[in-house]
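Structural features, examined
Chain residues, written in single-letter form:
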Amino acid sequence: MALKAQAAIFDGITFLLLTMFSVSLMYVTVAGYGQQEDAVMRSAHVMNYMQSFTKSIYFVNAQTLAKICSPSDDSCFREGQVYPWYAGLNDADTGCNALKDYLGSISVTDLLKRDLADPGITLLDDKYGGIPARGKTATRCAAKELMKPFIAAGYKYYLEVVDPTSRQLYSNGDPVPIAKDSQKITNSDDEKVIGKPGQENYERMSGCEEAVKAGYKVLSVSAPFRVTPAKDESSTQETGAEKHFVLRVCIWPSA
């Protein structure tokens, strides 16, 4: 009888352990599924906003961005000094304030396309040939303002115009070069992502690609971007050949 009692107790304990294990396994599975579903939903909302941002710069009038990084815009300054990634946007003559001189019908992408329509070498330098065309500055100002929800949530962003036909540096296409040693369209100062002025290929580095290499969890959206360059002096055509670019926006959590 004693042996039967011990066996019954052992069987009962074993049954309880198996039951607890099964319940725990079910809880872990359900909880894990819930977390994955939540992550997917969050990613979907984030991607939707990023797509909305990409669409919005086609319609935002550049003139409306003139007050970005003005002395009254505290989000550009820390202890009276402009954040390094917004450097230049507070300049009265060449920063966001300079956008007030454009007509109300001119959008951010209108200026960006004009900036990229240089005859000869395409360069993102706020110029159309030798004429001011503040496409890069307008895009920096728009990003600073429209990406506020991500900035407040602790995300870093990076915008670039990619030439998919060029693959000298990156298999997904090379960014259009910026003016030498100039600011990039980002709120990051991480040298692993944006490099540093004077570094080899600094003007042609892809912040999105480098953020991935640096181990950040990057989300990105891309949109086709078509530009018709001005006629090169050596060409007999009225305008240059149409160029097809990709406007890429990416974000990643900071630290």
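Residues numbered from 1 in each chain as written. Predicted model: local features only at pLDDT ≥ 70, side-chain atom pairs only at ≥ 80, totals over all residues. Heavy atoms only, no water.

1. Observations concerning the state of the cysteines
On inspection of all chains with the given rule, the structure shows three disulfides. Two residues share a disulfide in this structure: Cys208 and Cys250, whose sulfurs sit 2.1 Å from each other. Disulfide Cys208 to Cys250: torsion about the S-S bond roughly -95°, handedness left-handed. On the criterion of sequence distance, the pair formed by Cys208 in helix H6 (residues 207-213) and Cys250 in strand E8 (residues 243-253) is long-range, its members being 42 residues apart. Assigned by exposure class, Cys208 and Cys250 land together as buried. Within the protein, bonded cysteines paired by disulfides and numbered along the sequence follow the pattern 1-2, 3-4, 5-6. (Disulfide = S-S within 2.5 Å. Helix = DSSP H or I, 4+ residues; strand = E, 2+ residues; numbered from the N terminus. Buried < 20%, exposed > 50% of the residue type's maximum accessible area, 1.4 Å probe, protein only.)

2. What to know about the packing of aromatic side chains
Aromatic rings in a pair are described by how distant their centres are and how their planes are angled relative to each other. Within the structure shown, the criterion is met by seven aromatic pairs. Here Tyr83 and Trp85 contribute two aromatic rings whose centre-to-centre distance is 5.1 Å and whose plane-to-plane angle is 15°, an arrangement assigned as stacked. The class of Trp85 is buried, set by a relative accessible area of 14%. On the numbers, 6.3 Å between centres and 85° between planes, the contact of Tyr83 with Tyr86 is edge-to-face. Counting every residue linked through ring pairs, the aromatic cluster contains Tyr49, Phe150 and Tyr155. Between Arg114 and the ring centre of Tyr128, over which it is positioned, the NZ or CZ distance is 4.6 Å. The ring of Tyr202 carries Lys184 above its face, with NZ or CZ at 4.1 Å from the centroid. (Phe/Tyr/Trp six-rings, centres within 6.5 Å; stacked < 30°, edge-to-face > 60°. Lys NZ or Arg CZ within 6 Å of the ring centre and 35° of its normal.)

3. Examining the pattern of salt bridges
For the structure shown, the criterion picks out eight salt bridges. For Arg248, the salt bridge goes to Glu160, with nearest N and O atoms at 2.8 Å. Taken together, the positions of Arg248 in strand E8 and Glu160 in strand E5 (residues 155-163) put the pair 88 residues apart, joining distant regions of the chain. Glu160 matches Arg248 in its accessibility class, with the two residues each being buried. (Salt bridge = Lys/Arg side-chain N within 4 Å of Asp/Glu carboxyl O.)

4. Regarding helix H2 (residues 108-116)
Those residues of H2 that fall on the buried side of the exposure criterion are Val108, Thr109, Leu111, Leu112, Asp115 and Leu116. The arc that holds the buried residues of H2, viewed along the axis, is 160°, so those residues lie on one side. For H2, the elements touching its buried residues are strand E3 (127-128), helix H3 (135-146), E5, strand E7 (219-227) and E8. (Arc of directions from axis to C-beta. Contact = heavy atoms within 4.5 Å.)

5. Structural notes on the side chain of Thr186
In this fold, Thr186 is placed in the loop between strand E6 (174-175) and helix H5 (191-194). For Thr186, a relative accessible area of 5% translates into the label buried. A polar atom in the side chain of Thr186 sits 2.6 Å from the backbone oxygen of Tyr157. Looking at Thr186, its side chain comes within polar contact range of the main-chain nitrogen of Ser188, at 3.0 Å. With residues near it in sequence (within four places) discarded, Thr186 still touches Trp85, Tyr157, Tyr158 and Ile194. (Polar contact = N/O pair within 3.5 Å; in protein donor to acceptor, adjacent residues only side chain to side chain.)

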